[in-house]
Amino acid sequence: MRKRALPLSRSVLLTLAVLACLGLVGTWSAPAASAHSRLVSSDPADGASLSAGPPTVTLTFNEGIQSAYAVLNVVGPDDHFWQSGDPKVDGSVVSVGVRELGPTGKYTINYRVTSADGHVISGQRSFELTVAGTGEPGPLADASADQSDDGIPVWYFIVGAVVVLVVGLGVVFWLTRRPKTRS
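The rules behind these values
Residues numbered from 1 in each chain as written. Predicted model: local features only at pLDDT ≥ 70, side-chain atom pairs only at ≥ 80, totals over all residues. Heavy atoms only, no water. UniProt positions renumbered as here; feature names shortened; annotations may be inferred. Core = buried A, V, L, I, M, F, W, Y, C linked by side-chain atoms within 4.5 Å. Buried < 20%, exposed > 50% of the residue type's maximum accessible area, 1.4 Å probe, protein only. Helix = DSSP H or I, 4+ residues; strand = E, 2+ residues; numbered from the N terminus. Contact = heavy atoms within 4.5 Å. Pairing = 2+ DSSP bridges. Phe/Tyr/Trp six-rings, centres within 6.5 Å; stacked < 30°, edge-to-face > 60°.

An unreviewed UniProt entry annotates the protein as Copper resistance protein CopC originating from Gordonia amicalis. The Subcellular location (unreviewed entry) field of the UniProt record for the protein holds the comment "Cell envelope".

Below you can see the structure in the form of structure tokens.
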């Protein structure tokens with residue numbers, strides 16, 4: 001009994017289905033590119049000692065930043081916010097106004113921005129206020145600490161890979177099934 005060869009069109013479809021499945025799984029498992037935006041400078045400079053509070057905090061990145069979802073805040077040694085208004089994005093520069101500062105101590109600049117390629121960049125800088133000011137603090141910073149968005153959960157990608165694999169195997173089995181012969 002001779003084995004029947006798959007018709008050309010079926011074998012081509014089978015090969016394409018296998019390559020498509022491998023390509024999708026390979027794309028999801030590929031490591032992320034590391035050429036993302038990065039912070040190049042801040043004003044005030046990281047670790048600076050200031051006798052008066054700055055009117056604005058400015059961060060400069062090596063490439064453009066998306067204006068949507070930018071977060072830039074200033075938290076004082078009293079755990080209150082000291083920024084005023086929303087952050088403004090102008091190309092590679094992100095800034096926010098700062099109200100007149102109050103207590104002496106370390107002020108932390110927290111940022112979370114999205115680079116032009118969609119990669120989220122977050123971090124902190126700080127400066128030290130050496131002479132107390134007369135400013136009134138904003139809301140307590142701890143109230144917003146519970147509202148963190150860490151991006152898309154990994155399990156979405158795992159479920160997606162499993163679905164693609166199952167569909168791909170279904171296509172392979174469907175294409176390789178033997179046609180029923182009539183006697």
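So that's the structure; there's more coming.
S.K.: Which residues make up the nonpolar core, and what values do they have?
M.R.: If you look at the biggest cluster of nonpolar residues, it comprises 22 residues, and the most contacted ones within it are Phe61, Leu72 and Val74. Put simply, the parts of the chain that give this core at least two residues each are strand E2 (48-50), strand E3 (56-61), strand E4 (65-75), strand E6 (93-98), strand E7 (105-115) and strand E8 (120-129). When residues no more than four places from it in sequence are discounted, the contact partners of Val74 are Val57, His80, Phe81, Trp82, Gln83, Val98, Tyr107, Thr108, Ile109 and Phe127.

S.K.: Mind laying out the pairing of strand E5 (residues 83-90), listing which residues take part and the relevant values?
M.R.: Where E5 and E6 come together, 5 bridges link them in antiparallel fashion. Across the sheet, Val89 pairs through a bridge with Val94, a residue of E6. Between E5 and E6, which pair antiparallel in sequence order, lie 2 residues; one of them, Gly91, sits at a positive phi of approximately 70°.

S.K.: Account for the packing of aromatic side chains, with residues named and values stated.
M.R.: The tally for this structure, following the rule as stated, stands at 3 aromatic pairs. Between Tyr107 and Phe127, the ring centres sit 5.5 Å apart and the planes meet at 5°, which makes this aromatic pair stacked. Of the two residues, Tyr107 sits in strand E7 while Phe127 sits in strand E8, which places them 20 residues apart along the sequence. Each of the two residues, Tyr107 as well as Phe127, counts as buried. In this structure an aromatic cluster arises from ring pairing among Trp82, Tyr107 and Phe127.

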